[in-house]
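What follows is each chain in one-letter form.
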Amino acid sequence: MDMEMELKRYVKVWVLATTCLCYCYYVAARLPKGALRLLSILPVIYIFIILPITLTSVSLCGPTAFFLVWLANFKLLLFSFGQAPLSPPPPKLFHFISLACLPIKLVQRTDNDNNPSPSFMPRLLLVIKTFVLLLLLHVHNYRQFIHPYVFLSLYCLEMYLQIELVLAISAIPARALFRFEIEPQFNEPYLATSLQDFWGHRWNLMVTSILRPTVYYPVSEFSKRLIGPKWASLPGVVATFVVSGLMHEVIFFYLTRVSPTWEVTWFFILHGICVAMEVALKKMVKDRWQLHRAISGPLAVSFAGVTGFWLFFPQLTRNRVDDQVVWECYILLNFIKHKVSSFFIG
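What you see is a predicted model; the values in this text were computed from it and never measured. Sequence order as written defines the numbering, with residues in each chain counted from 1. Selection of residues for local features in this predicted model requires a pLDDT of at least 70, selection of side-chain atom pairs for listing and counting requires 80 or more, and totals for whole chains, interfaces and linings are taken over all residues. Side-chain metrics rest on all non-hydrogen atoms present in the structure, leaving aside hydrogens and water.

## Some details on the overall build of the protein chain
For clarity, the threshold we go by: The helix count covers DSSP runs of H or I at least four residues long, the strand count covers runs of E at least two residues long, and both are numbered beginning at the N terminus. Think of it in three bands: residues with accessible area under 20% of the maximum for their type are buried, residues over 50% are exposed, and the middle band is partly exposed, with areas taken using a 1.4 Å probe on protein chains only. Whether two residues touch is decided by their heavy atoms; if any such pair falls within 4.5 Å, the residues are in contact. Residue-level accessible areas treat just the shown protein chains as cover; the underlying method is Shrake-Rupley with a 1.4 Å probe.
Tallying secondary structure elements over the protein chain gives 14 helices and two strands in all. In the protein chain, buried positions account for 45% of the 346 residues. Considering only contacts within the protein chain whose residues lie at least 6 apart along the sequence, 74% involve residues at least 24 apart. Entry remark: accessible area of the protein chain is about 18,900 Å², with carbon and sulfur atoms responsible for 70%.

## Here we look at the pattern of salt bridges
Where we set the bar: A side-chain nitrogen of Lys or Arg and a carboxyl oxygen of Asp or Glu constitute a salt bridge if their distance falls within 4 Å.
Applying the stated criterion to the full structure yields seven salt bridges. Between Glu 221 and Lys 224 there is a salt bridge, with its nearest N and O atoms 3.1 Å apart. In this pair, Glu 221 and Lys 224 both sit in helix α9 (residues 205-227), three residues apart, roughly one turn of the helix. On the accessibility criterion, Lys 224 (38% relative accessible area) is partly exposed. A cluster of three or more residues bridged by salt bridges with shared partners is formed by Lys 129, Glu 164 and Glu 188.

## Here we look at helix α2 (residues 35-50)
Stated formally: Here the expected length of a helix is defined as 1.5 Å per residue gap, with one fewer gap than residues. A residue's bend is given by the angle between axes fitted to the 7 residues ending at it and the 7 residues starting at it.
With 16 residues, α2 should cover 22 Å at 1.5 Å per step; its first-to-last C-alpha distance of 23 Å lies within 8% of that length. Bending of α2 peaks at approximately 35 degrees at the position of Ile 41, with proline Pro 43 no more than four residues after it. Every buried residue of α2 is listed here: Arg 37, Ser 40, Ile 41, Val 44, Ile 45 and Phe 48. Buried residues belonging to α2 abut α1 (3-26) and α3 (58-80).

## Let's talk about helix α8 (residues 195-202)
Most of α8 sits inside the fold, with six of its eight residues counted as buried. Among all positions of α8, only Leu 195, Asp 197, Phe 198, Trp 199, Gly 200 and Arg 202 are buried. In this fold, the buried residues of α8 make contact with α9, α10 (233-256), α11 (263-285) and α12 (293-312). A positive phi of about 40 degrees marks Asn 204, the residue just after α8.

## Describing the side chain of Glu 249
Spelled out, the test is: Neither His nor the chain ends contribute to the count of charged residues, in which Lys and Arg are positive and Asp and Glu negative. Within 3.5 Å is the distance limit for a polar contact, defined as a pair of N or O atoms, with the added protein rule that one can donate a hydrogen and the other accept it, and that residues adjacent in sequence qualify only through two side-chain atoms.
In this fold, Glu 249 is placed in helix α10. One buried charge, Glu 249, has no salt-bridge partner; the nearest side chain with opposite charge is Arg 318, at 8.5 Å. Side-chain polar atoms of Glu 249 contact the backbone nitrogen of Trp 262, separated by 3.2 Å. A distance of 3.0 Å separates polar atoms of two side chains, one belonging to Glu 249 and the other to Thr 265. Setting aside its immediate chain neighbours within four residues, Glu 249 contacts Pro 260, Thr 261, Trp 262, Glu 263, Val 264, Thr 265 and Gln 315.

## What to know about the side chain of Asn 204
Summarising the element assignment, Asn 204 is placed in the loop between α8 and α9. On the accessibility criterion, Asn 204 (10% relative accessible area) is buried. Apart from residues lying up to four places away in sequence, Asn 204 is in contact with Phe 66, Leu 167, Gln 185 and Phe 186.

## Let's talk about a nonpolar patch on the surface
Note the cut-off: Each patch groups residues whose relative accessible area exceeds 30% and which form no salt bridge, using 9 Å between like charges and 5 Å between nonpolar side chains of Val, Leu, Ile, Met, Phe, Trp and Tyr.
A cluster of nonpolar side chains, Tyr 46, Ile 49, Ile 50 and Ile 53, forms an exposed patch at the surface whose accessible area comes to about 360 Å². Its location among the elements puts Tyr 46 in helix α2.

## Brief notes about the packing of α8 against α9
Test applied: Axis definition: a line fit to C-alpha positions, over the contact stretch in the case of helices; interaxial angles, taken between N-to-C directions, run 0 to 180 degrees. Under this scheme an angle from 65 to 115 degrees is roughly perpendicular, one under 35 degrees roughly parallel, and one over 145 degrees roughly antiparallel; angles in between are oblique. Gly is placed with the polar residues, together with every amino acid not listed as nonpolar (Ala, Val, Leu, Ile, Met, Phe, Trp, Tyr, Cys and Pro) or charged (Asp, Glu, Lys and Arg).
At a minimum axis distance of 7 Å, the contact between α8 and α9 shows a crossing angle of 90 degrees. In terms of axis orientation, α8 runs roughly perpendicular to α9. Contacts between α8 and α9 pair Trp 199, Gly 200, His 201 and Arg 202 from the former with Leu 205, Thr 208 and Arg 212 from the latter. For the contact of α8 with α9, a count of residues per class yields two nonpolar, three polar and two charged.

## Observations regarding the packing of aromatic side chains
Heads up, the condition is: Centres within 6.5 Å are what make two rings of Phe, Tyr or Trp a pair, Trp counting through its six-membered ring; a difference in plane orientation under 30 degrees is then read as stacked, over 60 as edge-to-face, and the rest as tilted.
Following the criterion strictly, the structure yields 23 aromatic pairs and no others. Both rings, one in Tyr 160 and one in Phe 186, keep their centres 5.7 Å apart while their planes meet at 80 degrees; by these two values the pair is edge-to-face. Residue Tyr 160 is found in helix α6 (residues 148-170), and its partner Phe 186 is found in the loop between β2 (180-182) and α8; the two are separated by 26 residues along the sequence.

## Topic: the nonpolar core
Heads up, the condition is: Buried Ala, Val, Leu, Ile, Met, Phe, Trp, Tyr and Cys residues that are joined via side-chain atoms within 4.5 Å together make up what is termed a nonpolar core.
One finds Phe 48, Leu 68 and Leu 76 to be the most contacted residues of the largest nonpolar core, which totals 83 residues. Ignoring anything within four residues of it in the chain, the contact list for Leu 76 reads Leu 21, Cys 24, Ile 41, Val 44, Phe 48 and Leu 86.

## Concerning the environment of Val 44
Here Val 44 is to be found in helix α2. Take Val 44: its relative accessible area is 3%, and that puts it in the buried class. In this structure, the C-alpha to C-alpha distance between Val 44 and Thr 19, residues 25 residues apart in sequence, is 9.8 Å. Apart from the residues within four sequence positions on either side, Val 44 is in contact with Cys 20, Tyr 23, Cys 24, Asn 73 and Leu 76.

## Observations concerning the confidence of the model for the protein chain
Note the following rule: Per residue, pLDDT measures the predictor's confidence, with a range of 0 to 100.
Residues with a pLDDT of 70 or more make up 86% of the protein chain, whose mean pLDDT is 85. Per-residue pLDDT, averaged within each element of the protein chain, yields its smallest value for strand β1 (residues 106-108) (58) and its largest for α2 (96).

Structural data, given as structure tokens:
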């Protein structure tokens with residue numbers, strides 16, 4: 001891979017994406033919300049869908065596809081109908097752009113906030129997780145000596161750390177440049193007490209906050225007319241997981257460039273059904289009986305891990321996406337070394 005050419009393509013992708021968001025801010029925002037604004041934004045949504053295809057690097061294409069195809073497009077759909085987080089538009093263009101395409105949820109600081117920096121423990125955890133991720137990347141050199149199930153377990157941990165660190169790093173510019181407090185994207189998912197807690201309050205909270213207004217609320221409102229308010233949330237839960245599964249299939253296509261196998265969709269359908277059953281059971285028993293969190297928590301996390309082995313990760317490992325990420329890291333590090341050496345020598 002020619003890393004220099006890939007980085008140039010990456011810059012072009014984000015320059016074009018930024019230009020499109022400027023159009024949305026200055027032109028589409030002036031149109032009345034509804035069908036007319038949606039019609040004006042549809043070309044931008046189409047451009048965002050095709051932009052990641054121009055990138056061949058998994059490390060660059062994956063986050064770009066997630067930021068543009070999923071987050072930005074879903075936020076623009078909400079923006080078309082005058083809904084948060086982009087409506088009403090922020091007072092500054094760069095706030096609009098960062099809020100549209102980065103996995104951040106902003107909380108405006110007050111004038112009395114004299115200590116905007118994150119506390120020590122989150123910083124320490126971030127350093128520890130970075131160190132663990134580097135160790136896991138190094139483990140790939142010894143893959144032939146590791147049992148496949150052990151390696152897959154380590155890869156699950158590696159994927160979690162990669163996602164969390166990418167989301168944390170992408171929020172840094174908004175914190176540094178715009179003086180906003182950023183809500184964390186992960187809330188220590190390994191401490192979840194149930195599947196509902198895992199998916200709703202701990203795992204990738206940016207996606208959760210986007211899927212609620214775009215899928216969960218509309219489906220739940222529609223379901224009230226058919227089955228009444230008590231159970232209307234259950235179709236909303238299942239529909240949300242189905243859409244999440246389909247969007248993961250799209251992201252996996254950008255990463256692998258092979259036809260979807262629908263394994264990851266079934267992973268989310270299974271979890272959607274299980275979460276709906278959990279919600280229904282809680283409504284039926286209420287406070288009369290419940291598992292202790294010391295039991296329900298490990299069960300939920302174990303269920304997520306086992307089903308992940310079965311349905312979520314095989315498409316990635318089968319197409320050696322894990323090895324490609326490691327290989328690209330080495331290429332990028334060598335490219336940076338070469339550029340730094342050239343700068344100081346030449």
